[in-house]
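Each chain, written out:
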Amino acid sequence: NKRPIFSAAATTTTVKKMSSGIGFIGLGIMGEGMAQCLLKEKVAGTKDTPLVIWNRTKSKCTAFEETYGQEYTIVIKDSAKDVVECCGFTFSMLSTPEASAAVFNAPDGVLAGVSDKSSIIDCATLAESDMKGMSEAVVAKGGRFLEAPVSGSKVPAATGALIFLCAGSKAVFDEPIIQSSLNAMGKASHFFSEQVGYGTRAKLVVNSLMGTMVAAYSEALALAENSDLDASKMIEVIGQGAIQSPVYGLKGPKMIKKDHAPNFPLKHAHKDMALASDLAKEKGVEFSVMDQAEKLFRKAREDSELNVADEDFSAVFEAVHKESTGEFSKKRKDS
């Protein structure tokens with residue numbers, strides 16, 4: 001599998017006067033909620049500290065400004081480069097490694113705007129080598145880099161309840177404005193190492209476990225349903241014992257109703273699980289249980305008949321039922 005390449009190739013930067021604003025690149029499922037939290041906690045969006053935004057689809061920026069612009073100071077830029085050039089601190093939250101590489105390396109992208117006045121805080125989930133590549137490219141131009149992938153999905157992003165898993169520049173992590181930003185967008189932030197990559201490792205550990213939990217939960221619920229047990233009652237039972245989990249409590253009732261409205265798309269969950277499997281191979285770790293879960297997610301993602309790649313990762317439940325031959329599963333597939 002080819003990975004996106006993050007290049008430190010020389011670029012020409014015209015340094016413009018820095019504003020006191022905070023930059024935010026990427027207003028997707030996660031980024032929109034995170035940016036909203038910066039406004040509501042008044043970390044950004046004031047006249048003294050505007051929120052400076054850019055998104056690949058400009059209409060997202062326009063809609064965001066229309067929603068919040070009456071109350072907060074929001075500046076829309078024409079490129080990621082423009083955001084970085086005018087902000088000392090820029091957050092980036094892009095959905096895939098391919099999107100991150102494209103926006104980072106573009107002639108009018110993130111790296112093109114970096115100077116010795118720039119600090120980049122990247123919140124995407126990438127391969128460790130990709131995150132290191134970005135860091136090296138930023139530092140080569142005199143900037144500072146903090147990796148800060150997050151644990152959490154759409155609702156935690158919108159409610160300021162993310163968990164930040166950080167590594168890289170401790171100086172950036174300790175900056176008062178960054179601490180205020182992390183506190184606004186999250187309920188906890190952890191600094192693992194000044195070596196970039198450790199935040200990514202932590203994120204892959206968390207998300208591979210979460211995906212495996214949901215895969216196992218899907219099989220357990222399918223077993224209950226095909227054994228003529230009331231699935232809602234079994235969700236209640238599971239929630240009362242030692243194996244209870246907020247993930248089970250939130251996802252279970254929706255799963256049995258085929259409600260997979262996306263909070264964390266299945267294709268993104270699978271991407272993280274595949275990266276975790278690669279990491280386990282690299283580190284020589286026995287990973288057979290999680291590898292099997294990754295294969296189940298891969299099958300669900302690639303199944304054009306199911307068409308659940310863009311649905312919530314709980315839709316792996318539909319792949320379990322499709323592979324099952326029990327009477328309940330047969331009826332569910334036909335319903």
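This paragraph deals with the overall build of the chain. Of regular secondary structure, the chain possesses 16 helices and 9 strands. Relative to a compact globule of 335 residues, whose C-alpha radius of gyration would be 20 Å, the chain shows 21 Å and is just as compact. Counting only C-alpha atoms, the chain reaches 70 × 50 × 35 Å along its principal axes. Burial status across the chain gives 52% buried among its 335 residues. Looking at the chain alone, contacts between residues at least 24 apart form 76% of all its contacts between residues at least 6 apart. Carbon together with sulfur atoms contributes 53% to the accessible area of the chain, which is approximately 15400 Å² in total.

A few words on the packing of helix H14 (residues 288–302) against helix H15 (residues 316–323). In contact at an axis separation of 9 Å, H14 and H15 are set at 90° when each is read in the N-to-C sense. Considering their axes alone, H14 and H15 lie roughly perpendicular with respect to each other. Counted together, Leu296, Phe297, Lys299 and Ala300 of H14 and Val316, Ala319, Val320 and Glu323 of H15 form the full contact between these two elements. Across the contact of H14 with H15, the residue classes break down as 6 nonpolar, no polar and 2 charged.

The next point concerns unusual backbone geometry. Within the chain, lysine 42 stands out as a residue other than glycine whose phi angle is a positive 60°. By relative accessible area, lysine 42 is classed as exposed at 55%. For aspartate 228, which is not glycine, the phi dihedral falls at a positive 65°. For aspartate 228, the location among the structural elements is in the loop between helix H10 (198–226) and helix H11 (231–240). Since its relative accessible area comes to 74%, aspartate 228 is described here as exposed.

Attention now moves to helix H13 (residues 266–283). Over its 18 residues, H13 extends 26 Å from the first C-alpha to the last, a length consistent with the 26 Å expected when each residue adds 1.5 Å. Here H13 lies mainly inside the structure; 13 of its 18 residues are buried. Following H13 by one or two positions, glycine 284 has its phi on the positive side, about 70°.

A few words now on the pattern of salt bridges. Throughout the structure, instances matching the rule amount to 17 salt bridges. Between glutamate 128 and lysine 132 there is a salt bridge, and its shortest N-O distance comes to 3.1 Å. Linking glutamate 128 with lysine 132, this pair stays in helix H6 (residues 128–140), spanning 4 residues, or about one helical turn. The partner of arginine 201 in a salt bridge is glutamate 128, and the shortest N-O contact between them spans 2.8 Å. In this pair, arginine 201 sits in helix H10 while glutamate 128 sits in helix H6, placing the two residues 73 residues apart along the sequence. One continuous salt-bridge network, built from bridges that share partners, spans Glu128, Lys132 and Arg201.

It is worth spelling out the confidence of the model for the chain at this point. Mean pLDDT for the chain: 94, with 94% of residues reaching 70 or above. Here residues 9–15 scores under 50 on pLDDT; set against residues more than four positions off or in separate chains, the count is 14 contacts.

This part covers the environment of alanine 101. Relative to the helices and strands, alanine 101 is located in helix H4 (residues 97–105). Between the C-alpha atoms of alanine 101 and methionine 134, which are 33 residues apart in sequence, the distance is 8.7 Å.

With that settled, the discussion passes to the side chain of glutamate 318. You can see glutamate 318 is positioned in helix H15. In terms of polar contacts, glutamate 318 uses its side chain to reach the side chain of arginine 332, at 2.6 Å. The contacts of glutamate 318, once residues within four sequence positions are left out, are Met255, Lys258, His260, Leu306 and Arg332.

The next point concerns helix H9 (residues 176–185). Within the sequence span of H9, burial applies to Ile178, Ser181, Leu182, Ala184 and Met185. Buried positions in H9, seen along its axis, are confined to an arc of 160° and lie on one side of it. Facing away from the buried side of H9, by more than 90 degrees, are the exposed residues Pro176 and Asn183.

It is worth spelling out the packing of H15 against helix H16 (residues 327–334) at this point. Where H15 contacts H16, the two axes come as close as 8 Å, and the packing angle between them is 120°. Taken together, the axis directions place H15 and H16 in an arrangement best described as oblique. Here H15 and H16 pass one another in a crossing that is left-handed. Where H15 abuts H16, its residues Phe317, Glu318, His321 and Lys322 lie against Phe328, Ser329, Arg332 and Lys333. Considering only residue class, the contact of H15 with H16 consists of 2 nonpolar, 2 polar and 4 charged.

Counting 36 residues, the largest nonpolar core has Phe24, Met34 and Phe164 as the members making the most contacts within it. Listing elements by their share of this core, those giving two or more residues are strand S1 (19–25), helix H1 (31–40), strand S2 (51–54), helix H2 (58–68), strand S4 (87–92), strand S8 (162–168), helix H8 (170–174) and H9. For this core, the element with the most residues is H1, which contributes 5 residues.

Rules behind the numbers
- Residues numbered from 1 in each chain as written.
- Predicted model: local features only at pLDDT ≥ 70, side-chain atom pairs only at ≥ 80, totals over all residues.
- Heavy atoms only, no water.
- Helix = DSSP H or I, 4+ residues; strand = E, 2+ residues; numbered from the N terminus.
- Rg over C-alpha atoms; globule rule 2.2 N^0.38 Å.
- Buried < 20%, exposed > 50% of the residue type's maximum accessible area, 1.4 Å probe, protein only.
- Contact = heavy atoms within 4.5 Å.
- Areas by Shrake-Rupley, 256 points an atom, 1.4 Å probe, with all protein chains shown as cover.
- Axes fitted to C-alpha atoms, helices over the stretch in contact; angles between N-to-C directions.
- Parallel < 35°, antiparallel > 145°, perpendicular 65-115°, else oblique.
- Nonpolar A, V, L, I, M, F, W, Y, C, P; charged D, E, K, R; others polar.
- Expected span 1.5 Å × (residues − 1).
- Salt bridge = Lys/Arg side-chain N within 4 Å of Asp/Glu carboxyl O.
- pLDDT = per-residue confidence, 0-100.
- Polar contact = N/O pair within 3.5 Å; in protein donor to acceptor, adjacent residues only side chain to side chain.
- Arc of directions from axis to C-beta.
- Left-handed = near helix turned anticlockwise from the far one by under 90°.
- Core = buried A, V, L, I, M, F, W, Y, C linked by side-chain atoms within 4.5 Å.

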